[in-house]
Amino acid sequence: MSLRKSTRVWLALFAAALLGIALNRFGYLRGARLVFILLAQMSCLVLLWRAAAAAFRVIVHRLTLRLAFSYFLIGIVPIPLLAALFSVCGYLLAHQFMATRLRNDLANLMELASLSGERLPSVRIGRDGRVTASQVDWLRPGDDAGWSRALEAPHPIIADGHVWMAVRHEAPAGLTLRVMPLGDPSAGWLQKLADRTGFSVAVELGRGEEWRSGYQVQIQKKGPDETPMDALRFTHPVSVASPPDNLWTREWLMGLYLDRAVVTVGPDQTEKSVVAFLARTSPSVLAGQLFAQGVPEVRRVVRFALVFLSAALLAVYLVALAIALVLVGTIVRNVNRLTRATEAVSHGNFSVRVNSKSRDQIGDLARSFDAMAASIQKLLQDTARKEKLEAELAVARAIQESFLPEAGGSWKGFRAVAHFEPAADLGGDYYDILPMPDGRTAISIGDVSGHGLPTGLVAAAARASLATFIELDVPASEAFVLLGRRTQRSRDKERRLYTTLALFAYDAVRRAGTLTNAGHPAPYRVSGGAVERLELPALPIGLLPGRPTSYASKEYAFSPGDRLVFFTDGLVEAADASEEPWGYERLETLLAREGHRPAQEIVASMLASVGAHVGDTPLEDDRTILILTFDAA
């Protein structure tokens, strides 16, 4: 595959950039290193893009690769994508469950501590919002505590870098604010929260900022060398024993609950301060809490239902995947077979077959291809036979025409001009001019019914038989009878073939000729501007086989310059589009008008008049014209 000119240019730029970088390393081309690096990177990106586009075009160009690629995209790619989607969704749900559990248990822990009478520091606030009495160092009597009105539910307070949870209780003289030192490890409240939730918990201070892409929280470091993850100090539940270390029992699931501090007391007062309540647990602990039931059998039923549905879904998907693989494989095999068969046909091998057993549209296409190839093969064989037959017919036609006398020759006492026009490769018309044993000249013209190869064979046989009878000096009427017997003996019973024939024996010394006619169109004698039809009624030879038939003869005298016009019925019966024949009347009119002209011009006028009459109507019968012009003795 040749590369495009632009691709070759980019390759040259990439090579030049690499050469420039190499020369720069050896101290040459100083100061241009950045330019060469940028040029190499840009060229590399363009070439990679074009390579990917070319690979994609190759894949989608061939149907088999396209199907395989589609199958990969539809059947294989969704598996890891769905697995990743379910993993992310499951982790997010686990995270949200842990965060919700952490928030609810933290609030319940404060409520229970307040109701159970456990000693929690308290702050009394008057109706004017100022502190009247306090048990904590970071709030003193007289301090403004108007922010306490927002503590309808437990919320965090940041004081001197520690996290306190606070909740208010209404009293007649004002309100009482109870606070829990959650960030003080010695107080044990984080341990109680961890034991209550079953998670490892931690409370950290941070700064929260809203970004376009989300919300970012930065955990405060406790030392200069610590990372944010090192700053996390988890408190583990006492009730959870140390399990074996594996992916199922290892604590790697994280939950995060963020809450803005109601107030920050101390030198680091900022509105961006947030409190991060973190929980960490293992999948086994989380699954135990999700499926917790007082009756263990119920938990097992729920787990079994989930596992069964997951397995059923996976099984259905795998079965569908296998069915798709079989279908794609079937299509690919049939397409490959069709491709190979098409290539074979393009190289001339029409015997190739796909032989597909598929019952789908691809199988129907393959069977249609096989039928088409068989039809083309048969057509080529028929065409070859037809071409061979046409070549043989062309040779036969040339031989048939070679047997005819010279169209413009001269004989003893007359000149002859002829026109022979068969309607098919072989014609049923024929004419002949032969010397007779008694010194006369025999002129014959015949027409076998029909046209084509059978008619041509019968015409050739009739002409040869008649020539034999003439050479044997058999009288014309007797020769016609003998010819009729031969025609009857050789006649095809399924084809009604008969012959019209006219024989004219001319004696140049006496300038007289004897005409014998067997159903052939009567010739015309043109003499001194007069046109005479020489009629001798008789039946065609072989028209009524088995019936005795006689053929009359009559002698006619001719003067120098007279013409005798013979023709076959294909001339006068030539019809136009409305099936009107050219007819005898037009022939007689033309002979009366053109009879004084040379015979060759008379033939041309006859053909021109017939052509003008029939127009574009195809030739339906053979046309033969023979004109004799008599000379002086």
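Scroll up a little and you will see the structure.
Residues numbered from 1 in each chain as written. Predicted model: local features only at pLDDT ≥ 70, side-chain atom pairs only at ≥ 80, totals over all residues. Heavy atoms only, no water.

Trainee: How do you make sense of the overall build of the protein when you look at a structure like this?
Mentor: A count of helices and strands for the protein gives 13 helices and 21 strands. Within the protein, the proportion of its 633 residues that are buried is 37%. When the accessible surface of the protein is summed, it comes to about 36,500 Å², and 59% of that surface belongs to carbon and sulfur atoms. (Helix = DSSP H or I, 4+ residues; strand = E, 2+ residues; numbered from the N terminus. Buried < 20%, exposed > 50% of the residue type's maximum accessible area, 1.4 Å probe, protein only. Areas by Shrake-Rupley, 256 points an atom, 1.4 Å probe, with all protein chains shown as cover.)

Trainee: Please explain unusual backbone geometry as it appears in this structure.
Mentor: Most peptide bonds take the trans form, and the phi angle of most residues other than glycine is negative. Of note, the phi angle at Asp473 is positive, near 60 degrees, even though the residue is not glycine. Note that Asp473 resides in the loop between helix 9 (453–471) and helix 10 (476–490). Residue classification places Asp473 among the partly exposed positions, given a relative accessible area of 40%. The residue Glu579 is not glycine, and still its phi comes out positive at about 65 degrees. In this structure, Glu579 sits in the loop between helix 11 (569–572) and helix 12 (583–594). Overall, Glu579 belongs to the exposed group, its relative accessible area being 68%.

Trainee: I would appreciate a short explanation of a nonpolar patch on the surface in the present structure.
Mentor: A cluster of nonpolar side chains, Phe72, Leu73, Ile74, Ile76 and Ile79, forms an exposed patch at the surface whose accessible area comes to about 450 Å². Among the elements that take part in the nonpolar patch, helix 3 (residues 63–76) stands out by supplying four residues, more than any other. Residue placement: Ile76 occurs in helix 3. Of the residues examined, Ile76 reaches a relative accessible area of 32% and is grouped as partly exposed. (Patch = residues over 30% accessible without salt bridge, like charges linked within 9 Å, V, L, I, M, F, W, Y side chains within 5 Å. Salt bridge = Lys/Arg side-chain N within 4 Å of Asp/Glu carboxyl O.)

Trainee: Can you walk me through the environment of Glu478 in this structure?
Mentor: By the element assignment, Glu478 lies in helix 10. On the accessibility criterion, Glu478 (44% relative accessible area) is partly exposed. It is 8.6 Å that separates the C-alpha atoms of Glu478 and Ser550, two residues lying 72 residues apart in sequence.

Trainee: Just to check I follow, could you spell out the pattern of salt bridges for this structure?
Mentor: If the charged atoms of two oppositely charged side chains come close together, the side chains can form a pair. Inspection of every chain in the model, using the stated rule, returns 16 salt bridges. Of the charged contacts in the structure, one is a salt bridge between Asp364 and Arg367, with a shortest N-O distance of 2.8 Å. Of this pair, Asp364 and Arg367 are both found in helix 8 (residues 361–403), three residues apart, which corresponds to roughly one turn of the helix. Residue Arg367 is classed as partly exposed on the basis of its relative accessible area of 27%. With a closest N to O distance of 3.3 Å, Glu594 and Arg593 form a salt bridge. Given a relative accessible area of 46%, Arg593 falls into the partly exposed group. Linked through salt bridges whose partners overlap, the residues forming this network are Arg593, Glu594, Arg597 and Glu601.

Trainee: Would you explain the packing of helix 4 (residues 78–115) against helix 5 (residues 189–197) in this entry?
Mentor: Helix packing geometry: the angle between the two helix axes and the distance between the axes. At a minimum axis distance of 10 Å, the contact between helix 4 and helix 5 shows a crossing angle of 120 degrees. It follows that helix 4 is oblique to helix 5 by the angle criterion. For helix 4 against helix 5, the interelement crossing comes out right-handed. Residues Arg101, Leu102, Asp105, Leu106, Asn108, Leu109, Leu112 and Ala113 of helix 4 form the contact with helix 5, whose own contacting residues are Trp189, Lys192, Leu193, Arg196 and Thr197. Each residue belonging to the contact of helix 4 with helix 5 can be placed in one class, and the counts come to seven nonpolar, two polar and four charged. (Axes fitted to C-alpha atoms, helices over the stretch in contact; angles between N-to-C directions. Parallel < 35°, antiparallel > 145°, perpendicular 65-115°, else oblique. Left-handed = near helix turned anticlockwise from the far one by under 90°. Contact = heavy atoms within 4.5 Å. Nonpolar A, V, L, I, M, F, W, Y, C, P; charged D, E, K, R; others polar.)

Trainee: It is not clear to me how the sheet that holds strand 2 (residues 131–134) should be interpreted in this structure. Could you clarify?
Mentor: What holds strands together in a sheet is hydrogen bonding between their backbones, with the strands either parallel or antiparallel. Taken together, six strands build an open sheet; the order of strands is 2-1-5-4-3-9 and the sheet is mixed. Each end of this open sheet is capped by a strand with a single partner; those strands are strand 2 and strand 9 (264–265). The strands touched by helix 4 within the sheet are strand 4 (162–171) and strand 5 (174–180), with strand 4 carrying the most contacts at an inclination of about 55 degrees. (Pairing = 2+ DSSP bridges.)

Trainee: Which parts of the structure should I look at to understand the pairing of strand 10 (residues 273–281)?
Mentor: Successive residues of a regular strand alternate their side chains across the two faces of the sheet. Of all nine residues in strand 10, eight are buried, a share of seventy percent or more. The pairing of strand 6 (residues 200–211) with strand 10 spans eight bridges and is classified as antiparallel. Bridge pairing in strand 10 links Val203 to Phe277. When strand 8 (residues 253–260) meets strand 10, the two strands line up antiparallel, connected through eight bridges. Each bridged residue has a counterpart across the sheet, and for Leu258 the counterpart in strand 10 is Ala276.

Trainee: What's the story with helix 4 in this structure? I'm lost.
Mentor: Because each turn of an α-helix spans 3.6 residues, side chains separated by three or four positions end up pointing in the same direction. Between the first and last C-alpha of helix 4 there are 54 Å, a value that for 38 residues agrees with the 56 Å anticipated at 1.5 Å per step. Here helix 4 has its buried residues at Pro78, Ala94, Met98, Ala99, Leu102, Asp105, Leu106, Leu109, Met110, Ala113 and Ser114. (Expected span 1.5 Å × (residues − 1).)

Trainee: Explanation requested: the nonpolar core in the structure shown.
Mentor: General note: in soluble globular proteins, nonpolar side chains tend to be found buried as a group. One finds Met180, Leu182 and Phe277 to be the most contacted residues of the largest nonpolar core, which totals 28 residues. Of all the secondary-structure elements, those providing two or more residues to this core are helix 4, strand 4, helix 5, strand 6 and strand 10. For this core, the element with the most residues is helix 4, which contributes seven residues. Beyond its immediate stretch of four places on either side in the chain, Leu182 contacts Leu106, Val163, Trp164, Met165, Trp189, Leu190, Val203 and Phe277. (Core = buried A, V, L, I, M, F, W, Y, C linked by side-chain atoms within 4.5 Å.)

Trainee: It is not clear to me how a positive patch on the surface should be interpreted in this structure. Could you clarify?
Mentor: On the surface, a cluster of positive charge is made up of Arg333, Arg337, Arg340 and Lys357. By secondary structure assignment, the location of Arg340 is in helix 7 (residues 296–346). (Lys, Arg positive; Asp, Glu negative; His and termini not counted. Charge placed at Lys NZ, Arg CZ, Asp CG, Glu CD.)

Trainee: Help me understand helix 7 in this model?
Mentor: Taking 1.5 Å per residue, 51 residues should reach 75 Å; helix 7 reaches 74 Å between its end C-alpha atoms and fits that length. For helix 7, the complete set of buried residues consists of Leu321, Val328, Thr330, Val332, Asn334, Val335, Leu338, Ala341, Ala344 and Val345. Once helix 7 finishes, Gly348 follows within two positions and takes phi at roughly 95 degrees, a positive value.

Trainee: Honestly, the packing of aromatic side chains in this entry has me stumped. Any pointers?
Mentor: Centre distance and the angle of the planes are the two values used to describe a pair of aromatic rings. Counted by the stated rule, this structure contains 16 aromatic pairs. Taking the centre distance of 6.0 Å and the plane angle of 15 degrees together, the rings of Trp411 and Phe414 count as stacked. Overall, the relative accessible area of 25% leaves Trp411 in the partly exposed class. Phe414 gets classed as buried once you look at its relative accessible area, which sits at 0%. Between Phe414 and Tyr506 the ring centres are 5.9 Å apart and the planes differ by 85 degrees, which places this aromatic pair in the edge-to-face class. One end of the pair, Phe414, is in strand 12 (residues 414–421); the other, Tyr506, is in strand 15 (residues 499–507), with 92 residues separating them in the sequence. One exposure class covers both Phe414 and Tyr506, and it is buried. Site record: aromatic cluster; members linked through ring pairs are Trp411, Phe414, Phe504, Tyr506, Phe558, Phe566 and Phe630. Here the basic side chain of Arg280 rests over the ring of Phe234, its NZ or CZ set 4.2 Å away from the ring centre. Over the ring of Tyr584 we find Arg533, and its NZ or CZ is 4.4 Å from the ring centre. (Phe/Tyr/Trp six-rings, centres within 6.5 Å; stacked < 30°, edge-to-face > 60°. Lys NZ or Arg CZ within 6 Å of the ring centre and 35° of its normal.)

Trainee: Would you explain the pairing of strand 2 in this entry?
Mentor: Relative to strand 2, strand 1 (residues 122–125) runs antiparallel, the two being bridged by three bridges. Looking across to strand 2, one finds that Arg124 is bridged to Ala133. The turn joining strand 1 and strand 2, which pair antiparallel and follow one another in sequence, is formed by five residues; a positive phi near 85 degrees is taken by Gly129.

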